[in-house]
Amino acid sequence: MNLLKKAYCRTFQTVFKIALPFLPYRKPKIVSSVKDLPDILEKRKCGRVLIVTDEGIKSLGLIKRLEKTLTNAELPFFIYDKTVANPTTVNVQEAVDIYLENHCDCIIGFGGGSSMDCAKAVGACIAKPHQSLAQMKGILKIHKKLPLLIAVPTTAGTGSETTLAAVITDANTRHKYAINDFPLIPRYAVLDPKVTLSLPPSITASTGMDALTHAVEAFIGRSTTLDTRRDALRAVRLIFQNIDKVYENGSDIRARKDMLKASFYAGCAFTKSYVGYVHAIAHSLGGEYNVPHGYANAVILPLLLEAYGPSIHKKLYRLALEADLVEKDTPAEKAAEIFIQAVKDMKIRFGIGDTIDAIQEEDIPKLAHYADKEANPLYPVPVLMDAEELERFYYMLMPASFSQTAKNSPAAAPKED
């Protein structure tokens, strides 16, 4: 990255960090069970509910407890269940139509990050009916209060129940972009482990590693606060203590509950301190090829941690210590190596590979451009990289022949700034 662009990025990030204490961040109120929702809806004078979910969640029967709870409380509800893995502008509009046709007055995002992001975007469209989603992309474009928004995560990973972001894919161009504003933070987050019990091990693993990526990228970035560092460390500790338990025994209620807490803490950390190039690259792959976000993050994470090099050794030492991987007297460089290897080993145990086979070589410049545009100047990454430098990671994610080409390329070692 050239010096002028570096200076611009770091100046932007510094100003944003200085402004953090003055911005209206808030944490959602935690609810422990979907059975508590009728009382909340009555208190908030809401009587007609739109539930935004996806077909997979519905087919697994995860939504039945919520349906039964609302039915017993005689609360009318309407379900939109066509949300796809990377929610599109079409998904959002279809859900908005159901909301308006049935005179709904609150929204429940029920599912993984895709369902919750779709629900947030629906709320934004209700609040600003005369603007398109494309006009809201970026930072602080909404400004208006949304209908009551409740998030019920069925995976312990995305952290979307805590964040001010909704990531949407343009159905025509396949470009994936984020809408970021404080009204998108849900008012309530329902951390109910019982709705996660039916998740298959593969989704449990990839979403758990998604939460790990959130915590790690928030912690190693340059815009952390005392609160975000504490939340990230809590998340890392809980994930290393529980992710194998829930992978091997999905009915372990205690471990499921702790993983939901970990996801919540990681979400609280990155909603203030932001993420980094792992997410930027993963978002570009999700938008172009519909690669599941948690899986992409898990594949990419070790590559970026190694690429950042000595700039993050001390921070990875702190994470390794929190995860009980090292002793206090372990040198920082060694602790960083152990932490990165622990992430790689986790991937192996969960059957998560090192490549994304969908990547087409001719798409790489476009994908890198999308990642560059998303990340710079907003993400306070340890080492800045431009689109050309990011291209090598896409090659590394391709099959072995391309991976070797990337490793031998001149762009393989971005300089620290």
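Scroll up for the structure.
Residues numbered from 1 in each chain as written. Predicted model: local features only at pLDDT ≥ 70, side-chain atom pairs only at ≥ 80, totals over all residues. Heavy atoms only, no water.

Caption draft 1: Fine view of helix α12 (residues 293-308). Taking 1.5 Å of rise per residue, the 16 residues of α12 would be expected to cover 22 Å, and the 22 Å separating its terminal C-alpha atoms lies within 8% of that figure. Most pronounced at I300, the bend in α12 amounts to some 35 degrees, and the proline P302 follows within four residues. Taking burial as the measure, the 16 residues of α12 include 14 buried ones, the bulk of the element. At the exit of α12 stands G309, carrying a positive phi of roughly 60 degrees. (Helix = DSSP H or I, 4+ residues; strand = E, 2+ residues; numbered from the N terminus. Expected span 1.5 Å × (residues − 1). Bend = angle between axes of the 7 residues up to and from the residue. Buried < 20%, exposed > 50% of the residue type's maximum accessible area, 1.4 Å probe, protein only.)

Caption draft 2: Spatial organisation of the packing of aromatic side chains. Under the defined criterion, the tally for this structure stands at 8 aromatic pairs. Each ring, one from F12 and one from F16, has its centre 6.3 Å from the other, and the planes form 15 degrees; the classification is stacked. Within this pair, F12 and its partner F16 are both found in helix α1 (residues 3-19), separated by 4 residues, close to a single helical turn. Arranged with centres 5.7 Å apart and planes meeting at 70 degrees, the rings of F16 and Y274 form a pair that is edge-to-face. With F16 in helix α1 and Y274 in the loop between α10 (253-273) and α11 (277-289), this pair connects stretches of sequence that are 258 residues apart. For the pair F16 and Y274, one class covers both residues: buried. Through pairs of rings, three or more aromatic residues link up here, namely Y8, F12, F16, Y274 and Y379. The lysine or arginine in question, R234, covers the ring of Y265, its NZ or CZ lying 5.0 Å from the ring centre. Across from the ring centre of F350, 5.7 Å away, lies the NZ or CZ of R349, which sits over that ring. (Phe/Tyr/Trp six-rings, centres within 6.5 Å; stacked < 30°, edge-to-face > 60°. Lys NZ or Arg CZ within 6 Å of the ring centre and 35° of its normal.)

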